[in-house]
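# Chain and residue survey
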Amino acid sequence: MKENIIGLLNKDLEGEHAAIIQYLTHAYAMGEGEMACEIEAIAREEMRHLDWLAEAMVGLGGAPSLTRGEMRTGGQSVAHWMRNNVLQEQDAIAMYQEHIQAVADTRIRRLLERILSDEKSHRGDFDHFADKAQKQGVKDLRGSRRDKAARTLNWGIEHEYTVVLQYLFHSYMASNEQVKKEMEDQAVNEMQHLGWLSEELVDKGGRPRIEHTEVDKSRKTADMLRADIRLEQEVAAEYDRAAGETKDQDLRQLLLRIRDHEGYHADLLSDLLKKEARS
Ligand SMILES: [Fe+2]
Ligand SMILES: [Fe+2]
Ligand SMILES: [Fe+2]
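I will try to describe carefully the structure that is included in this document. If you're wondering where the values come from, they're calculated on a predicted model, not measured in any experiment.

## Quick word on the overall build of the chain
Of the regular secondary structure elements, the chain holds eight helices and zero strands. Here the chain has a C-alpha radius of gyration of 20 Å; the compact-globule value for 279 residues is 19 Å, and the two agree. Seen along its three principal axes, the alpha-carbon backbone of the chain occupies a region of about 55 × 55 × 25 Å. Partitioning the contacts of the chain with sequence separation of at least 6, the portion at a separation of at least 24 is 82%. Element-wise, carbon and sulfur atoms account for 47% of the exposed surface of the chain, whose accessible area totals about 13,600 Å². Positive and negative side-chain charges of the chain, numbering 39 and 52 respectively, have mean locations separated by a distance of 1 Å.

## Comments concerning the packing of helix α5 (residues 148–173) against helix α6 (residues 177–203)
For the pair α5 and α6, interaxial distance at closest approach is 8 Å and the crossing angle is 160°. In terms of axis orientation, α5 runs roughly antiparallel to α6. Along this stretch, α5 crosses α6, giving a crossing that reads as left-handed. Considered class by class, the residues forming the contact of α5 with α6 number 15 nonpolar, seven polar and five charged.

## Examining the side chain of Asn189
Secondary-structure assignment places Asn189 in helix α6. Among all residues touching Asn189, those that are not within four sequence positions of it are His261 and His265.

## Looking at the coordination of the iron ion (ligand 1)
Geometry sets the ideal angles at a metal, namely 109.5 degrees for four tetrahedral donors and 90 or 180 degrees for six octahedral donors. The protein atoms that coordinate the iron ion (ligand 1) are Glu16 (OE), Glu16 (OE), Glu46 (OE), His49 (ND1) and Glu119 (OE), at distances spanning 1.9 to 2.2 Å. The distance between the iron ion (ligand 1) and the iron ion (ligand 2) comes to 4.0 Å, and Glu46 binds to both of them. Taken together, the residues span a long stretch of sequence, with His49 in helix α2 (residues 34–59) and Glu119 in helix α4 (residues 106–136) at a distance of 70 residues. An identical accessibility class is assigned to His49 and Glu119; each is buried.

## Here's the deal with α4
Counted at 1.5 Å a residue, the expected span for α4 with its 31 residues is 45 Å, and the 45 Å between its end C-alpha atoms agrees. A distance of 2.9 Å separates the backbone nitrogen of Arg107 from a side-chain oxygen at the start of α4, and that oxygen is part of Asp105. A positive backbone phi angle near 65° is found at Gly137, which sits one or two residues after α4.

## Looking at the pattern of salt bridges
A full pass over the atoms with the stated rule returns 19 salt bridges. Measuring nitrogen to oxygen at the nearest pair gives 3.0 Å for the salt bridge that ties Asp140 to Arg142. By relative accessible area, Asp140 is classed as partly exposed at 32%. Between Asp240 and Arg259 there is a salt bridge whose closest N-O contact spans 2.5 Å. Residue Asp240 is found in helix α7 (residues 221–245), and its partner Arg259 is found in helix α8 (residues 249–278); the two are separated by 19 residues along the sequence. For Asp240, a relative accessible area of 36% puts it in the partly exposed group. Each of Lys148, Glu238, Arg241 and Glu245 takes part in salt bridges that share partners, so that together they form one network.

## Topic: the coordination of the iron ion (ligand 3)
Of the protein atoms, only Glu160 (OE), Glu160 (OE), Glu190 (OE), His193 (ND1) and Glu262 (OE) coordinate the iron ion (ligand 3), at distances of 2.0 to 2.5 Å. Written as a sequence motif, the donor arrangement for the iron ion (ligand 3) is E-x29-E-x2-H-x68-E. Pair noted here: Glu190 and His193 are both in helix α6, with a separation of three residues, about one helical turn. In terms of burial, Glu190 and His193 fall into one category: buried.

## Looking at α8
Taking 1.5 Å per residue, 30 residues should reach 44 Å; α8 reaches 44 Å between its end C-alpha atoms and fits that length. For α8, the full list of buried residues reads Leu251, Leu254, Leu255, Leu256, Ile258, Glu262, His265, Ala266, Leu268, Leu269, Leu272 and Leu273. One side-chain oxygen at the N-terminal end of α8 lies 3.1 Å from the backbone nitrogen of Asp250; it belongs to Asp248.

## What to know about the nonpolar core
Proteins that are soluble and globular tend to have nonpolar side chains buried together. If you look at the biggest cluster of nonpolar residues, it comprises 86 residues, and the most contacted ones within it are Leu9, Ile39 and Met82. When residues no more than four places from it in sequence are discounted, the contact partners of Ile39 are Tyr23, Ala27, Met30, Met82, Phe126 and Phe129.

## A word on the packing of helix α3 (residues 78–102) against α4
The geometry of α3 relative to α4 is characterised by a closest axis approach of 8 Å and an angle of 165° between their N-to-C directions. Here α4 runs roughly antiparallel to α3, going by the angle between their axes. Note that α3 runs across α4; the crossing there is left-handed. Of the residues assigned to the contact of α3 with α4, the class counts are 15 nonpolar, six polar and eight charged.

Reading guide: rules and limits
Residues numbered from 1 in each chain as written. Chains lettered and ligands numbered in written order. Predicted model: local features only at pLDDT ≥ 70, side-chain atom pairs only at ≥ 80, totals over all residues. Heavy atoms only, no water. Helix = DSSP H or I, 4+ residues; strand = E, 2+ residues; numbered from the N terminus. Rg over C-alpha atoms; globule rule 2.2 N^0.38 Å. Contact = heavy atoms within 4.5 Å. Areas by Shrake-Rupley, 256 points an atom, 1.4 Å probe, with all protein chains shown as cover. Lys, Arg positive; Asp, Glu negative; His and termini not counted. Charge placed at Lys NZ, Arg CZ, Asp CG, Glu CD. Axes fitted to C-alpha atoms, helices over the stretch in contact; angles between N-to-C directions. Parallel < 35°, antiparallel > 145°, perpendicular 65-115°, else oblique. Left-handed = near helix turned anticlockwise from the far one by under 90°. Nonpolar A, V, L, I, M, F, W, Y, C, P; charged D, E, K, R; others polar. Donors = N, O, S within 2.8 Å, 3.2 Å for Na, K, Ca; no water. Buried < 20%, exposed > 50% of the residue type's maximum accessible area, 1.4 Å probe, protein only. Expected span 1.5 Å × (residues − 1). Polar contact = N/O pair within 3.5 Å; in protein donor to acceptor, adjacent residues only side chain to side chain. Salt bridge = Lys/Arg side-chain N within 4 Å of Asp/Glu carboxyl O. Core = buried A, V, L, I, M, F, W, Y, C linked by side-chain atoms within 4.5 Å.

Here it is, written out as structure tokens:
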């Protein structure tokens, strides 16, 4: 029975994951307008859903899936994207309704009902954005730039997406409360990096490609920390190298700022590892 609920929650989680990336792709492509901000706020609500689902599942003895559900990223205009988002929400609504029927556990049902009410509200929001985008002619600001600067930014995006997933996974699986909290904080910070890099790339006429590479799924705290520290050290060096190679001042500033954060993460995680080794 428990396995059954874990399976359902993982399906829900995969749907949230897809919605987050779909909406962020849209928000970044639209630049700095009001609608982009509102879409980003919806993506943040989906992140909270993902978080609640993952915690509930871990409470039942499961492990969160890192598979992304199906996205609808096609569409020729922003209005079309928004209609795709309405469909995405409709699928989510149907799935939550089905899972609410299937789950007997009151606490889990309550959680799914709570999320369902958000999805209904999102569906209305996207319906409204579709009309508004049509009337106001909101545009896709992405270009086709593919030079070295664009490649560096997309490399960063790929890295940041990977570590967001990795740190979330580690935070859900960690038994040590302090490690759990630090990992979660760090995931939020990496999410911020993902946003900065994506916005910078669109601003420079490129197209963010939000895909990730392999995620470390260690279950033991010391193993997680070692994998994370190695990654942080590698990318800090890579951001540093890329910053040194570019003549673009804005890009350089951004890469150095992120490099500093990654260095900070590596130090912080190293302290946690030392503490873990002593315990
Ligand atoms: Fe959601
Ligand atoms: Fe939603
Ligand atoms: Fe980062």
